[in-house]
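Breakdown of the fold
The lines below spell out each chain.
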Amino acid sequence: MFPFVWLYKHGICSCQRNHSLLIHAKFRSLLILKHRAREMKNQRETLMCSLLFVVLMMVMSTKVYAHSQYGGRLVELSLSYCLSWRLAEETGNIQGWRTVPLQCLLDVEVYMLGGQYASDLNLIVDQISSYVDEIIMSDDGLDAWILDVDDTCLSNIFYYKGKRFGGDPYDPQAFKEWASRGICRAIPPIIRLFQKLIDRGFKVFLISGRDETTFEQPTLHNLHFQGFFGFERLILRSEAYKGQSGIVYKSEMRRKLVEEGYRIWGNVGDQWSDLRGQFVGNRTFKLPNPMYFVP
């Protein structure tokens, strides 16, 4: 009986061992198949993403044409055009434009609200701040700095939101009502720059094209409420300078400061008319503003 039992038991053990090996092999095969299926899925997803990217780039680069409400002429509807338009506008290569092109209204809105505008401001102000650190101050109190007001110190973005971010023509009466309320918010990077200039001992002059008679008190109130304290002077457009272009008017204001003995180390504005002309200062810094143009 013993050999039979031994063989029987040995056979059982062999069967169990073979069965375990078979199960292990099947399980390993399933894992391999699962892994390969996952790899194939990833490859399909990668392929689909690549195809979608190619299609998206083709759509973005395709020039689609539609009739404009302005004279029925054809306008080019493409993202690349709007990026080119903003570049040309910011570099001053497009002059005298009255409204943002119809096909670029969404692009400007996304730029202003989507984070890129804020990022650009921060980068520019970082460059200004580095320049400020390099300046060796004198002890005569005549080291000066000039800041524009609208969309330099104070933001009008909420007003222009109602004007389609520059899609509507300039409305003097509507802007008068807005600015008279004195509720513009400070532009965060500029208020930080302003405080740094004050702390370093610069005489900061705020030069604005706003009408002196109409806007002096609401502008002062707005500036103070937003934290602009300690500036040397707020200069607004008096009756004698009405009708002059921004370049002529601001050049004259800067000329007077230079004649008083001030050294203009820096000049910051969102319009090229803030920074061109005479007595512009040692360095000028242009802030982005694709919503309107001031000659």
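Preceding block: the structure.
Quick look at the structure, then. For clarity, every value in this text was computed on a predicted model and none was experimentally measured.

With that settled, consider helix α9 (residues 246-259). When the terminal C-alpha atoms of α9 are compared, their 20 Å separation across 14 residues agrees well with the 20 Å that a helix rising 1.5 Å per residue should span. Gly261 occupies a position one or two residues after α9 and carries a positive phi of about 105°.

Right, let's get into empty space enclosed by the protein. This model, assessed by the stated rule, comprises two cavities of 30 Å³ or more. What lines the largest cavity is Glu89, Trp97, Asp270, Gln271, Trp272, Lys286, Asn289, Tyr292 and Phe293. In terms of residue class, the lining of the largest cavity is built from four nonpolar, two polar and three charged. When its volume is computed, the second largest cavity comes out at roughly 40 Å³. In this structure, the second largest cavity is lined by Ile146, Leu147, Asp148, Ile207, Lys250, Arg254, Asn267 and Asp274. Elements supplying a minimum of two residues to the lining of the second largest cavity: β3 (143-147) and α9. For the lining of the second largest cavity, a count of residues per class yields three nonpolar, one polar and four charged.

Here the focus is the state of the cysteines. Considering all chains together, one arrives at one disulfide under this definition. One disulfide bridge connects Cys82 with Cys104, the sulfur atoms lying 2.3 Å from each other. Here the disulfide of Cys82 and Cys104 is left-handed, its torsion about the S-S bond being about -95°. Placement of the pair is Cys82 in helix α2 (residues 79-90) and Cys104 in the loop between α2 and α3 (105-113), with a sequence separation of 22 residues.

The computed volume of the largest pocket comes to approximately 950 Å³. Forming the walls of the largest pocket are 35 residues, and the residues nearest its centre are Tyr170, Phe175, Gly209, Arg210 and Val294. Residue assignment for the lining of the largest pocket shows that the elements contributing at least two residues are α6 (172-181), β6 (203-211), α9 and α10 (272-275). With four residues, the single largest contributor to the lining of the largest pocket is β6. Among the residues making up the lining of the largest pocket, the classes are represented as 13 nonpolar, 10 polar and 12 charged. Within this model, the second largest pocket holds a volume of roughly 290 Å³.

The rules we used
- Residues numbered from 1 in each chain as written.
- Predicted model: local features only at pLDDT ≥ 70, side-chain atom pairs only at ≥ 80, totals over all residues.
- Heavy atoms only, no water.
- Helix = DSSP H or I, 4+ residues; strand = E, 2+ residues; numbered from the N terminus.
- Expected span 1.5 Å × (residues − 1).
- 1 Å grid on protein atoms, 1.4 Å probe; cavity = no way out; pocket = protein on both sides within 12 Å on 5 of 7 lines; lining within 4 Å.
- Points joined across faces, edges and corners; volume = space filled by probe spheres on them.
- Nonpolar A, V, L, I, M, F, W, Y, C, P; charged D, E, K, R; others polar.
- Disulfide = S-S within 2.5 Å.

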